[in-house]
Amino acid sequence: MNTPLRRLSVVVLVMFLALMGGATWVQYGQAGDLNDDPRNVRTVYRDYGRDRGPIVVAGNEVAHSTPVDTPFGFQRVYSDGPLYAHATGYFSMFQMTGIERASSSVLSGTDDSLLWSRIRSLFTGSQQQGGSVELTLDPAAQEAARDALGDQQGAVVALDPRTGAILAMVSTPSFDPNDLAVHSSAQVNETYNELVADEANPLINRAIGGGLYAPGSVFKLVDAAMLLESGEYDPDSQVPAPAELETAADLPRDPQPRRWAVHRRGHRHPHLRPAAELQHPVLGAGDGVR
């Protein structure tokens, strides 16, 4: 082989190596970024093409996927959408929220706990199905919380004190997740922008996110229980409930001493039982901080 041919062969070999290296880097090194790129419609089709598992409440599916004759394959459907919207969240073309996001690997069938199911589907040739996620919500408690809130802006959470299970979680105003699960990007964007522009912020789950509500009078029960368990107080004991409270400088998240003023009516040393039941927001404040 003469010199020009050898040089040409070396150049061709280098080009092949560079091509193989580039292809390998794109397929493996950049795979994560490409999958996460919102412009990658193949990822959208892949996610929608899975038979996503249901979200179950009291034995009934409050979110499930139904087959559709479109390139997407399946349509996500939410029964009683506004009632469970902030718990289930939504599965849309651009993002996921709520349980749809937190348990996405189970619902999509990619979780490690579903490995044997995926292996079985591989050998049988059947379509991989997502797993179901069962919530502890109680439909009656959920509806009661919604009805009690009515048109007000607020949130209700009810827990089982024995297990910590969430029996109700309602945030108002709510929204219909079905409107965000459609297969039209234009419609999804329009609906999402309207919800974001709404001054009532229906997309915010007031129970656990957004502008969290202070515990307020609920925490008086903790203070009252602490005082009773100390053995130094009984329901008829007088407790400190000052009109002003100065915090120490070493409290968590509060590097500076502060003085809090409380606008209320009542006695500065009320009895424990009526103080816990009624009006004193700084019940046992000194003992609580201590």
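Here is what the cut-offs are and how they apply
Residues numbered from 1 in each chain as written. Predicted model: local features only at pLDDT ≥ 70, side-chain atom pairs only at ≥ 80, totals over all residues. Heavy atoms only, no water. Pairing = 2+ DSSP bridges. Helix = DSSP H or I, 4+ residues; strand = E, 2+ residues; numbered from the N terminus. Patch = residues over 30% accessible without salt bridge, like charges linked within 9 Å, V, L, I, M, F, W, Y side chains within 5 Å. Areas by Shrake-Rupley, 256 points an atom, 1.4 Å probe, with all protein chains shown as cover. Salt bridge = Lys/Arg side-chain N within 4 Å of Asp/Glu carboxyl O. Axes fitted to C-alpha atoms, helices over the stretch in contact; angles between N-to-C directions. Core = buried A, V, L, I, M, F, W, Y, C linked by side-chain atoms within 4.5 Å. Buried < 20%, exposed > 50% of the residue type's maximum accessible area, 1.4 Å probe, protein only. Phe/Tyr/Trp six-rings, centres within 6.5 Å; stacked < 30°, edge-to-face > 60°. Lys NZ or Arg CZ within 6 Å of the ring centre and 35° of its normal. Arc of directions from axis to C-beta. Polar contact = N/O pair within 3.5 Å; in protein donor to acceptor, adjacent residues only side chain to side chain.

A. Up close: the pairing of strand β5 (residues 154-159). Taken together, the 6 bridges between β5 and strand β6 (residues 166-172) define a ladder with antiparallel strand orientation. By the bridge assignment, G154 is partnered in β6 with T172. As consecutive antiparallel partners, β5 and β6 are separated by 6 residues, and within that stretch G164 has a phi angle of approximately 85°, a positive value.

B. Layout of a nonpolar patch on the surface. A grouping of L5, L8, V12, F16 and L19 is seen on the molecular surface, where their side chains present a nonpolar patch of about 490 Å² in accessible area. Following the sequence through the fold, L5 ends up in helix α1 (residues 3-29).

C. Seen up close, the sheet that holds strand β4 (residues 133-135). Strand order across the open sheet formed by 4 strands is β3-β2-β1-β4, with mixed pairing between neighbours. Here the strands that pair on one side only, and so sit at the sheet edges, are β3 (74-78) and β4. Mean inter-strand twist for the sheet, computed between neighbouring axes without regard to direction, equals 25°.

D. Geometry of the nonpolar core. Core analysis: the largest hydrophobic core is formed by 26 residues, its most contacted members being I55, L135 and L137. Looking at this core, the elements that each hand over two or more residues are β1 (55-57), β2 (60-67), α4 (81-88), β4 and α9 (185-197).

E. Representation of the pattern of salt bridges in the model. Evaluated as defined, the whole model comprises 4 salt bridges. The partner of D147 in a salt bridge is R146, and the shortest N-O contact between them spans 3.3 Å. Assessed through its relative accessible area of 54%, D147 is described here as exposed. The class of R146 is partly exposed, set by a relative accessible area of 35%. Among the charged side chains, a network of salt bridges with common partners joins R52, R76 and E100.

F. View of unusual backbone geometry. The peptide bond linking T172 to P173 adopts the cis configuration, its omega dihedral lying at 0°. For P173, the location among the structural elements is in the loop between β6 and α9. At D80, a residue that is not glycine, the phi angle is positive and equals roughly 50°. Its place among the elements puts D80 in the loop between β3 and α4. At N201, a position not held by glycine, the phi torsion is positive, near 50°. For N201, the position within the fold is in the loop between α9 and α10 (218-229).

G. Region of interest: the packing of aromatic side chains. Summed over the entire model, instances satisfying the criterion amount to 1 aromatic pair. Between the aromatic rings of Y90 and F175, the centroid separation amounts to 6.0 Å while the plane-to-plane angle is 85°, which identifies the pairing as edge-to-face. Note that Y90 is positioned in the loop between α4 and α5 (98-102) and F175 in the loop between β6 and α9, a separation of 85 residues in sequence. You'll find Y90 and F175 in the same group, each marked buried. Geometry around F91 places R52 over its ring, the cationic atom sitting 4.2 Å from the centre.

H. Expanded view of helix α8 (residues 139-149). Among the residues of α8, those classed as buried are Q142, A145 and L149. Taken end-on, α8 shows its buried residues confined to a sector of 65°, consistent with a single buried face. Away from its buried face, by an angle of more than 90 degrees, α8 presents the exposed residues A140, D147 and A148. Two or three places before A140, at the start of α8, stands the capping residue D138, its side-chain oxygen 2.9 Å from that residue's backbone nitrogen. Remark: G150 follows α8 within two positions and exhibits a positive phi of approximately 60°.

I. Representation of the pairing of β2. As defined by bridge partners, β1 adjoins β2 across 3 bridges and the pair is classed as antiparallel. Considered in β2, the bridge of V56 is made with E61. The turn joining β1 and β2, which pair antiparallel and follow one another in sequence, is formed by 2 residues; a positive phi near 55° is taken by A58. Here 5 bridges tie β2 to β3, and the two strands are oriented antiparallel to one another. Of the residues in β3, the one forming a bridge with H64 is V77. With antiparallel pairing between neighbouring strands as the criterion, β2 and β3 make up a hairpin whose turn holds 6 residues, including G73 at a positive phi of roughly 90°.

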